[in-house]
Amino acid sequence: GQQLNQSPQSMFIQEGEDVSMNCTSSSIFNTWLWYKQDPGEGPVLLIALYKAGELTSNGRLTAQFGITRKDSFLNISASIPSDVGIYFCAGQALSDYKLSFGAGTTVTVRA
Amino acid sequence: SAVISQKPSRDICQRGTSLTIQCQVDSQVTMMFWYRQQPGQSLTLIATANQGSEATYESGFVIDKFPISRPNLTFSTLTVSNMSPEDSSIYLCSGTSGNEQYFGPGTRLTVT
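Everything in this summary refers to the structure shown in the same document.

What counts and how
Residues numbered from 1 in each chain as written. Chains lettered and ligands numbered in written order. Predicted model: local features only at pLDDT ≥ 70, side-chain atom pairs only at ≥ 80, totals over all residues. Heavy atoms only, no water. Salt bridge = Lys/Arg side-chain N within 4 Å of Asp/Glu carboxyl O. Helix = DSSP H or I, 4+ residues; strand = E, 2+ residues; numbered from the N terminus. Contact = heavy atoms within 4.5 Å. Buried area = accessible area lost by both parts, 1.4 Å probe. Polar contact = N/O pair within 3.5 Å; in protein donor to acceptor, adjacent residues only side chain to side chain. Nonpolar A, V, L, I, M, F, W, Y, C, P; charged D, E, K, R; others polar. Pairing = 2+ DSSP bridges. Axes fitted to C-alpha atoms, helices over the stretch in contact; angles between N-to-C directions.

### Some words on the pattern of salt bridges
Residue and element names in this part refer to chain B.
- In this structure the tally under the stated criterion is four salt bridges over all chains.
- When the shortest N-O distance is used, the salt bridge between Lys-65 and Asp-87 registers 2.6 Å. Taken together, the positions of Lys-65 in the loop between β6 (56-57) and β7 (68-72) and Asp-87 in the loop between β8 (75-80) and β9 (89-97) put the pair 22 residues apart, joining distant regions of the chain.

### Quick look at the interface of chain B and chain A
- Opposite the 21 residues of chain B that make contact, chain A presents 23 residues.
- For the pair chain B and chain A, the two sides together bury roughly 1,600 Å², of which 54% comes from carbon and sulfur.
- The tally of links between chain B and chain A comes to one salt bridge.
- B:Glu58 is the partner of A:Lys98 in a salt bridge, and the nearest nitrogen-oxygen pair spans 2.6 Å.
- Where chain B packs against chain A, one counts seven residue pairs in polar contact (both at pLDDT 80 or more).
- Only β4 (32-37), β5 (43-49), β9 and β10 (100-103) of chain B provide two or more residues apiece to the side of chain B that touches chain A.
- Broken down by element, the side of chain B that touches chain A gets its largest block of residues, four residues, from β10(B).
- Class assignment of the residues belonging to the side of chain B that touches chain A gives a composition of nine nonpolar, nine polar and three charged.

### Some points on unusual backbone geometry
- A:Ser7 connects to A:Pro8 through a cis peptide bond whose omega is -5°.
- For A:Pro8, the location among the structural elements is in the loop between β1 (5-7) and β2 (10-14).
- Cis geometry is found at the peptide bond from B:Lys7 to B:Pro8, where omega equals -10°.
- Note on placement: B:Pro8 falls in the loop between β1 (4-7) and β2 (10-13).
- In this structure, A:Ala78 is a non-glycine residue whose phi angle is positive, near 50°.

### A word on the sheet that holds strand β6 (residues 55-58) of chain A
Residue and element names in this part refer to chain A.
- Spatially, the five strands line up as an open sheet ordered β1-β3-β8-β7-β6, and their pairing is antiparallel. On the outer flanks of this sheet lie β1 and β6, each paired with one strand and no other. For this sheet, the mean angle separating the axes of adjacent strands, direction not counted, is 15°.
- Here strand β3 (residues 19-24) runs beside strand β8 (residues 71-76); their pairing, made up of six bridges, is antiparallel. Within β8, the residue paired with Cys-23 across the bridge is Ser-72.

So this is what it looks like as C-alpha cells:
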C-alpha cells in the first residue's frame, strides 16, 4: 500500500502542552486509525474514525476525519510523560481492510 | 476488540535457516495480516492471511520467502525462509474486528 504523509516527524514538548499531528493521503480512505507504539511493543489502537468530518475523543486524545477523506489529525491535550512514544496514522480502504501507514511521529515529553 | 499474542517474542537466527512465527487471536476475526517493521521505520504489509487458502502477498513479497498459513479464524503462522541479515526486523500480525485492526506485540528477529 501507499505510505501516508505524516507530520511532524518528531516533536519535543513540555509536560502540560498540547500536541498536534496530522496525516494526508493522495487517496480517499473509508476509515482512519491512530495508533501508539511503545518500544518493544506492537501498535495500540487509540482512536478509529469512520465518517468524513467526524470528530472523536478518547480521554485527552481528539482526532478528526477530514472532510475530503484524504486527511486526519490527532491532538493530545495536556501531555504527560507517558505520552512518550511513536504515533502512527493509518488509512483503511473498506474493500480489503488493508492499512496504509504514515511514517510516524515521535513524541518526547520533557518533564 | 481482539487480543493478539505472538510466539516467539524474539529470536536470533543463523543465516540460511527458517523461523516460523505463530499468531493467536482470542476471538474470531474476519481478516488477519502480517506486517514487517524495520528498525526505526513504519509498518509494511507483507500479506493477507486467508483462512483455508493461499495468502495474498503484497508487491515485493513472495510465498517462497514468506509462506503463511491460516487454518482457522483465530490462528496464523508466518515463516521467514532462508534468512539473511536483511530479514532482521520486527514481524507483526494483526486481526480485524469490525473496521478496527488490532496488532500483536511483534516478534523481533535478528539474523546473524
